[in-house]
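Commentary on secondary and tertiary structure
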Amino acid sequence: MRQPGRARPGQGRWAAGLLSAALLSGCGPPAEDPAAEAARDPNAPGVFEVGPNRYEAVVVAFEGGFDPSEMRFPVGAEVSFRVRSVDLVHGFLIEGTGIEFEIDPIEPGLATHTFEEAGEYDLLCHIYCGGGHPAMLGTVIVE
Ligand SMILES: [Cu+2]
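Residues numbered from 1 in each chain as written. Predicted model: local features only at pLDDT ≥ 70, side-chain atom pairs only at ≥ 80, totals over all residues.

Side note on the overall build of the chain
Threshold: Secondary structure is summarised from DSSP: a helix means a run of H or I of at least four residues, a strand means a run of E of at least two, and numbering begins at the N terminus for each. Exposure in this text rests on C-beta crowding, where 20 or more other C-beta atoms within 10 Å of a residue's own make it buried, 12 or fewer make it exposed, and counts in between make it partly exposed. The C-beta atoms are placed from the backbone. Once C-beta atoms are placed from the backbone, any two residues with those atoms within 7 Å are in contact.
For the chain, the count of helices and strands is two helices and ten strands. Along the chain, helices and strands appear, N-terminal first, in the series α-α-β-β-β-β-β-β-β-β-β-β. Put simply, the chain has 143 residues, and 20% of those count as buried. Across the chain, the fraction of contacts at a sequence separation of at least 24, relative to all contacts at a separation of at least 6, is 54%.

And the structure:
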């Protein structure tokens, strides 16, 4: 049985190696970690920083909403929206940006926009898609 308080030979060095490995791999914002970026599920909804003030917004549209329905970006952010539907044909429109396209379960929609002005931009589905259509609203907040 091991004595309490007595480290086995080599244990300290092993711990130091582990610590430095953790420091080397775990530092910095995950968005700028190429390994984390490569490992990201491309279909997982969310907002991801992909470069200096550059973002990818992966949005899932479904009858009744968008996921995410609220997105935040700093002023000047260049945002690539990649939007897919999991059920029907939907629209994706962000007021004041010129972004307006149709999506369906097979073909995702893509658009890039640089948000030069702070404010709240309404996001909505502009194609009638059924009973959940009026709830398909969201907000892009630029601050
Ligand atoms: Cu709709």
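Here's the deal with the confidence of the model for the chain
We apply this condition: pLDDT is a per-residue confidence score from the predictor, ranging from 0 to 100.
Residues of the chain with pLDDT of at least 70 account for 78%, and the chain-wide mean is 84. With pLDDT under 50 throughout, residues 5-30 is counted as low confidence; its partners more than four residues away or in other chains account for four contacts.

Comments concerning the nonpolar core
Condition: Here a nonpolar core is just a set of buried residues of the types Ala, Val, Leu, Ile, Met, Phe, Trp, Tyr and Cys, joined wherever their C-beta atoms sit within 7 Å.
By size, the foremost hydrophobic cluster in this structure holds 21 residues, and its most contacted members are Ala57, Val59, Ala61, Phe73, Val79 and Val83. Those elements that place two or more of their residues in this core are β2 (54-62), β4 (70-73), β5 (78-85) and β6 (90-94). Considering every element that reaches this core, the biggest residue donor is β2, with six residues. Ignoring sequence-local partners within four residues, the contact set of phenylalanine 73 consists of Tyr55, Val79, Phe115 and Val142.

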